[in-house]
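# Breakdown of the fold
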Amino acid sequence: MFGYKDLLNEMEMFCSHGIETGVVGESELKQHIPYVFVGKKNGDYMIVQGAMHAREHLTALLVVCLAKHLVKNSSLPLEGGIYFVPMTNPDGVRLCQEGVGFVADKKRKSNLLKINGKTDFSLWKANADGVDLNVNFDAHWGEGVQNGYFKSACNYVGREPFSASETRALRDFTLRIKPLVTLSYHLKGEEIYWEFHQKSHRLYRDRRYAEAISRYTGYPLVHLEGSVGGYKDWCVEKLKIPAYTIEVGNDKFEHPFPYDQLSVILQQNVDLPRRLLNTVVRDREGLKNLGIEDIFR
Ligand SMILES: [Zn+2]
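Residues numbered from 1 in each chain as written. Predicted model: local features only at pLDDT ≥ 70, side-chain atom pairs only at ≥ 80, totals over all residues.

### Some points on the overall build of the protein chain
How we decide: Runs of H or I in DSSP of at least four residues are treated as helices and runs of E of at least two as strands, each being numbered from the N terminus. As a rule, residues whose C-beta atom has 12 or fewer other C-beta atoms within 10 Å are exposed, those with 20 or more are buried, and those in between are partly exposed; C-beta atoms are placed from the backbone. By the convention adopted here, residues are in contact when the distance between their C-beta atoms, placed from the backbone, does not exceed 7 Å.
A tally of regular secondary structure across the protein chain gives 10 helices and 7 strands. C-alpha extents for the protein chain along the principal axes are approximately 60 × 45 × 40 Å. Expressed as a percentage of the 297 residues in the protein chain, the buried residues total 46%. For the protein chain, long-range pairs separated by at least 24 residues make up 77% of all intrachain contacts whose partners lie at least 6 apart in sequence.

This is the structure in structure tokens:
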């Protein structure tokens, strides 16, 4: 399993190779949420984030591997820079992998045990406050068909939009970076979500990129009714940028998801961030007549 300490080690490794690393913000339990930056500081940025749901920690390792791929292949053209945020929910991941042992506050510890109903947290999705981060963003918040209204291992929307430290941290970081596009890695299902009430040219634009992502990964585009409050939803609605949730990992496997599937997942996604950012940047630069299929090989 890939844990929080492993992530910090990876960040140190990046740093020792002269690659920019930093902190997006802090979790509920005051743990740093790290990022690593690869590419040019030219204002054309992308954010790739993983492990927003605790039990999907395999996506943290995936995002680290995607960053490493870019570092190792620095001769490939990259039109901008990519901020990789491998583990958006470090507290949740630790809960999931370690149980409540690391939680210092006794009251919080007993609350978590009460919410979970058992000492095994391996299927936990929320943060250390029982908030499901991917329904805590301000985009039709609380209107989802699966939304929950009390603390839980999953689906609790929080007291209000951005009530969780992690979602506030990612929101503020995103507003600062002003990405042209974002990618969110989740587990599992091998499918892509891209819609969130886009209209006219944005609908057309976002679908075109979605179709390109689908061709590259082999995952189908899926229309999901009644899903709201996610990071991708917020990026689409409030920032008006293309944003994608990619569910990696074959559905035939159960959670806790087998790590030996990483090589398959990596193969399907390895050069996606670079290709997508290049496509978005070149598109904006008015090279549309090349056609997205020509660029997105
Ligand atoms: Zn998820």
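### Concerning the sheet that holds strand E3 (residues 45–49)
Our working rule: A pair of strands is treated as paired once DSSP finds two or more bridges between them. Fitting a line to C-alpha atoms yields each axis, with helices limited to the stretch in contact; the angle taken between N-to-C directions then spans 0 to 180 degrees.
With mixed pairing, the 7 strands of this open sheet are ordered in space as E1-E2-E4-E3-E5-E7-E6. The open sheet has two free edges, formed respectively by strand E1 (21–26) and strand E6 (191–193), since each of these has just one partner strand. Between one strand axis and the next, the sheet turns by 25° as a mean value, whatever way the strands run. As judged from the 6 bridges shared by strand E5 (residues 181–187) and strand E7 (residues 243–248), these two strands associate in the parallel manner. Considered in E7, the bridge of Tyr 185 is made with Ile 246.

### Comments concerning the packing of helix H6 (residues 200–217) against helix H9 (residues 272–284)
Rules: Angle categories are assigned with fixed cut-offs, so that under 35 degrees is roughly parallel, over 145 is roughly antiparallel, 65 to 115 is roughly perpendicular, and the rest are oblique. Two helices crossing with the near one rotated counterclockwise from the far one by less than a right angle form a left-handed crossing, whereas a clockwise rotation gives a right-handed crossing. Any residue that is not Ala, Val, Leu, Ile, Met, Phe, Trp, Tyr, Cys, Pro, Asp, Glu, Lys or Arg is counted as polar, Gly included; the first ten are nonpolar and the last four charged.
Closest axis-to-axis distance for the H6/H9 pair is 11 Å, and the angle between their directions is 150°. Compared by their axis directions, H6 and H9 come out roughly antiparallel. Classified by chirality, the crossing of H9 by H6 is right-handed. Along the contact surface, H6 presents Tyr 209, Ala 212, Ile 213, Tyr 216 and Thr 217, while H9 presents Leu 272, Arg 275, Leu 276, Thr 279 and Val 280. When grouped by side-chain class, the residues that make up the contact of H6 with H9 number 7 nonpolar, 2 polar and 1 charged.

### Focus on unusual backbone geometry
Here His 255 and Pro 256 are connected by a cis peptide whose omega angle stands at -10°. Among the secondary structure elements, Pro 256 is positioned in the loop between E7 and helix H8 (262–269). In this model, Phe 162 sits at a positive phi of 65°, which is unusual for a non-glycine residue. Within the secondary structure layout, Phe 162 lies in the loop between helix H4 (106–116) and helix H5 (165–177). You will see that Ser 200, though not glycine, has its phi angle at about 45°, which is positive. Looking at where Ser 200 falls in the secondary structure, it is placed in helix H6.

### Focus: the confidence of the model for the protein chain
The condition that has to hold: A residue's pLDDT is the predictor's confidence in that residue, given on a scale from 0 to 100.
Averaged over the protein chain, the pLDDT score is 95; the fraction of residues at 70 or greater is 96%. By mean pLDDT, helix H10 (residues 292–295) is the weakest element of the protein chain at 48, and strand E4 (residues 81–85) is the strongest at 99.

### Points about the packing of helix H2 (residues 58–72) against H8
Direction vectors running N to C along H2 and H8 enclose 45°, while the axes themselves pass 11 Å from each other. What the angle tells us is that H2 and H8 run oblique. For the crossing formed where H2 meets H8, the hand is right-handed. Residues Leu 58, Leu 61, Leu 62, Cys 65 and Leu 66 of H2 touch H8, and the partners they reach there are Leu 262, Ile 265, Leu 266 and Asn 269. The residue makeup of the contact of H2 with H8, split by class, is 8 nonpolar, 1 polar and no charged.

### Overview of the nonpolar core
The line we're drawing: To count as a nonpolar core, a set of buried Ala, Val, Leu, Ile, Met, Phe, Trp, Tyr and Cys residues must be joined through C-beta atoms within 7 Å.
Counting residues in hydrophobic clusters, the biggest one holds 80 residues, and the most contacted among them are Met 46, Ala 60, Val 63, Phe 84 and Leu 276. Sort the elements by how many residues they give to this core and H2 lands first, with 9 residues. With sequence-adjacent residues up to four places away left out, Val 63 is seen in contact with Val 48, Gly 50, Phe 84, Pro 86 and Tyr 185.

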